[in-house]
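Structural overview for review
What follows is the residue order along each chain.
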Amino acid sequence: MTSTSTTNTAHAFHGTLIHSTDPTTLEILPNTLLIISPTGKIQSLHPSTNPTDIPTLLAQENHHPETTPLTTLSAAEFLIPGFIDTHTHAPQWSQRGLGRGIPLLTWLEQITFAHESKLADPVYAKQLYRAAVHGSLKQGITTACYYGSRHKDASVILAETCLALGQRALIGRCNMNRHAPHWYVDASAHESVADTVEFIATVKELDASTGLVTPVITPRFAITCDDALLAELGALVRRNPGIPVQTHFNESRGEVDFTRELFPQFANETELYDHFGLLTNRTILAHAIYPQPEELPRLKELDCGVAHCPIPNTTMDEFMVAPVREYLTRGIKVGLGTDCGGGYSSSMLDVMRAAFMVSVAKQTETNGRDAPLSIAESFYLATLGGARVAGLEDRVGRFAPGLEFDACLVRTDAAEGIMAPVEEEDGVEGAFEKFLMTGDDRNIVRVWVQGRQVKGSA
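Residues numbered from 1 in each chain as written. Predicted model: local features only at pLDDT ≥ 70, side-chain atom pairs only at ≥ 80, totals over all residues. Heavy atoms only, no water.

**Focus: the overall build of the chain**
To be explicit about the condition: In DSSP terms, a helix is any run of H or I states spanning at least four residues, a strand is any run of E spanning at least two, and both are numbered starting from the N terminus. Both definitions apply: the radius of gyration is a C-alpha atom measure, and the globule rule equals 2.2 Å times residues to the power 0.38. Residue burial is assigned from relative accessible area. The probe radius is 1.4 Å, only protein chains are included, and a residue is buried under 20% of its type maximum, exposed over 50%, and partly exposed in between. Contact between two residues is taken to exist if any of their heavy atoms lie within 4.5 Å; hydrogens are not considered. Counted as positive: Lys and Arg. Counted as negative: Asp and Glu. His and the chain ends are not counted at all. Where a charge lies is defined by one atom per residue type: Lys uses NZ, Arg uses CZ, Asp uses CG and Glu uses CD.
Along its length, the chain carries 15 helices and 16 strands. Computed over its C-alpha atoms, the radius of gyration of the chain comes to 22 Å, within 12% of the 23 Å expected for a compact globule of 458 residues. Along the first, second and third principal axes, the C-alpha atoms of the chain reach 70 × 50 × 40 Å. Relative to its full complement of 458 residues, the chain shows a buried share of 60%. Counting contacts in the chain only where the partners sit at least 6 residues apart, residues at least 24 apart contribute 73% of the total. Taking the average place of the 36 positive charges on the side chains of the chain and the average place of its 54 negative ones, the gap between the two points comes to 3 Å.

**With respect to helix 5 (residues 189–206)**
Every α-helical turn comprises 3.6 residues, leaving residues that sit three or four positions apart pointing alike. Worth spelling out the cut-off: The length a helix should cover is 1.5 Å for every residue beyond the first.
Taking 1.5 Å per residue as the helical rise, helix 5 with its 18 residues ought to reach 26 Å, and the 26 Å between its terminal C-alpha atoms agrees with that figure. In this structure, the buried residues of helix 5 make contact with helix 4 (152–165), strand 8 (168–175), strand 9 (213–219) and helix 6 (227–239).

**Some details on the pairing of strand 13 (residues 333–336)**
Residues in a regular strand point their side chains to alternate faces of the sheet. Note the cut-off: Strands qualify as paired when DSSP identifies two bridges or more between them.
Going residue by residue along strand 13, you find Lys333 and Gly335 tucked away on one face and Val334 and Leu336 tucked away on the opposite face as well. The sheet contact formed by strand 12 (residues 305–308) and strand 13 spans four bridges and is parallel. Counted as the bridge partner of alanine 307 is glycine 335 from strand 13.

**A few points about the packing of aromatic side chains**
Convention followed: The aromatic pairing rule takes the rings of Phe, Tyr and Trp, using the six-membered ring of Trp, and pairs them if the centres are within 6.5 Å, calling planes under 30 degrees apart stacked, those over 60 edge-to-face and the rest tilted.
Within this structure, the stated rule accounts for 11 aromatic pairs. Judged by centre distance (5.2 Å) and plane angle (35°), the ring pair of phenylalanine 13 and phenylalanine 405 falls under tilted. Of the two residues, phenylalanine 13 is situated in strand 1 (residues 11–22) and phenylalanine 405 in the loop between helix 14 (384–389) and strand 14 (407–411); the sequence distance between them amounts to 392 residues. Just as phenylalanine 13 is buried, phenylalanine 405 falls in that class too.

**Some details on the domain arrangement of the chain**
Applied cut-off: How far each domain reaches was decided by an automatic or database domain assignment. The term buried area means the drop in 1.4 Å probe accessible area that two parts suffer when joined, counted for both and summed. By convention in these notes, a salt bridge is any Lys or Arg side-chain nitrogen within 4 Å of a carboxyl oxygen on Asp or Glu. Pairs of N or O atoms are called polar contacts if they sit within 3.5 Å, as long as, within protein, a hydrogen donor faces a hydrogen acceptor (for residues adjacent in sequence, only side-chain-to-side-chain pairs).
As assigned here, the chain comprises domain 1 (11–80 + 402–455) and domain 2 (83–390). Each of domain 1 and domain 2 was reduced to a C-alpha centroid, and the two centroids are 31 Å apart. In this assembly, domain 1 packs against domain 2 so that about 2,300 Å² is buried in total across both faces, 64% of it on carbon and sulfur atoms. Along the contact surface separating domain 1 from domain 2 lie two salt bridges. In this structure, the salt-bridge partner of arginine 168 is aspartate 406, at a minimum N-O distance of 2.8 Å. Taken together, the connections running from domain 1 to domain 2 amount to nine residue pairs in polar contact (both at pLDDT 80 or more). Within the residue set of the side of domain 1 that touches domain 2, elements represented by two or more residues are strand 1, strand 14, helix 15 (427–438), strand 15 (444–449) and strand 16 (452–455). With six residues, helix 15 is the largest single contributor of residues to the side of domain 1 that touches domain 2.

**Description of the layout of surface pockets**
Under the convention used in this document: A cavity here means a set of points on a 1 Å grid, drawn over the protein atoms and nothing else, where a 1.4 Å probe fits but cannot get out; a pocket is an open set with protein on both sides within 12 Å along at least five of seven lines, and a residue lines either one if it has an atom within 4 Å of a point. Grid points are joined across faces, edges and corners, and a volume is the space filled by probe spheres set on the points. Here the term charged refers only to Asp, Glu, Lys and Arg, the term nonpolar to Ala, Val, Leu, Ile, Met, Phe, Trp, Tyr, Cys and Pro, and the term polar to all other amino acids, Gly among them.
Of the volumes computed, that of the largest pocket is approximately 320 Å³. Lining the largest pocket are 18 residues, with Ile289, Pro291, Pro323, Lys362 and Glu365 positioned closest to its centre. Here the residues of the lining of the largest pocket sort into nine nonpolar, two polar and seven charged. Of the volumes computed, that of the second largest pocket is approximately 250 Å³. For the second largest pocket, the lining is made up of 18 residues, of which Thr16, Ser74, Ala75, Ala76 and Val428 are closest to its centre.

**Concerning the environment of aspartate 207**
Relative to the helices and strands, aspartate 207 resides in the loop between helix 5 and strand 9. Sequence-wise, aspartate 207 and valine 156 are 51 residues apart; in three dimensions their C-alpha atoms are separated by 11 Å. Sequence-distant contacts of aspartate 207, that is, excluding residues within four places in its chain, are made with Leu163, Leu212 and Val213. Within polar-contact distance, the side chain of aspartate 207 engages the backbone nitrogen of valine 213 at 2.6 Å.

**Some details on the pattern of salt bridges**
Under the definition given, this model contains 22 salt bridges. A salt bridge links glutamate 404 to arginine 395; the nearest nitrogen and oxygen atoms lie 2.9 Å apart. Residue class for glutamate 404 comes out buried when judged on its relative accessible area of 8%. If you follow the salt bridges from partner to partner, you end up with Arg150, Arg173, Asp186, Glu191 and Asp195 in one network.

Structural data, given as structure tokens:
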């Protein structure tokens, strides 16, 4: 492989590109010339390009062949869009792997809240968040939808860290004014919203130019937010048209039952959040395991997105299977989430594998009605599907002129990896499937966000 560019200069790639165009269509583009503008956007794609034609094609787009760096991919390499993690908790990076086999609400009380409370210390926040963002980028996650802690200042540090390391991110400061320990709860609805307003303003000021980091309104879930807080957050959504919202939704039987006790006036969680104005086309609903049938048409009508998190869903105290096939059949947006640290793995490859296995379990549970996810569908959920959930499908998630270059370079013969060897009869499709099912971060040798390389060397 020959070398490529730095930021702020046009550069080009020639080789195989693989991306999704819809949930069931995996497009493989061999011998494709991809030209990236100095601003990090995809300027053009030229499939089936003969290498001898590259200088002419570059010149036609006002790029001098001798000064425009070109990366020529080997037969063992291909480009894919960067992975999009639609649900993760940056404060929980250090607690991954803890608390297997216990109920969600117990896990929060015994493990999570204590870990998150440590983010009151800005020194610790800088150290932890740098590790979390770096670790996420190492896995090829170019966009992450983060829940921060309830601390405004630490959540700003998370935004600063994403900008410094170059990760695209949606970041929320958690709102929670009840049903948490007294040492980890907002003093009042007013204080909770005031801190959120200040957080939103600060993040917008921090990233006024690149558009990499977006503030998100983040009621942790209805259990930790009283009526007054939910109402004020809904008003904040109305005052900030287009701002994303994220919350946990129909996550466990215990959570669903407790929410019903706290809000008996609502038939279900869709009705609850809709009443407070928190369901929009930019709302990300994490988990969504136990929706009532009557909720689904309204979720589709509101164009909400679902963050499917198969690893934590199956490693708490019960094996919980979200109705992903039902969501896809109804046209509801779905992406994948690592849910660090409820999820023990930060790898989107692991999440895709778990999503497939969980979908097989759903097929069994439904007596064959819900077909398992295909390889194409799993990859779609990790890329373009996640982009749609995050409200970024007009910017990232696939390769097309005008979109931003968020991508991973995959090397199937990485010297240090343990991926299944690619054999001659496998072809590109076989190599791709082997990467998804047996590869790891060592096969993701370079990563770019908005044209800026954030992992690997030339």
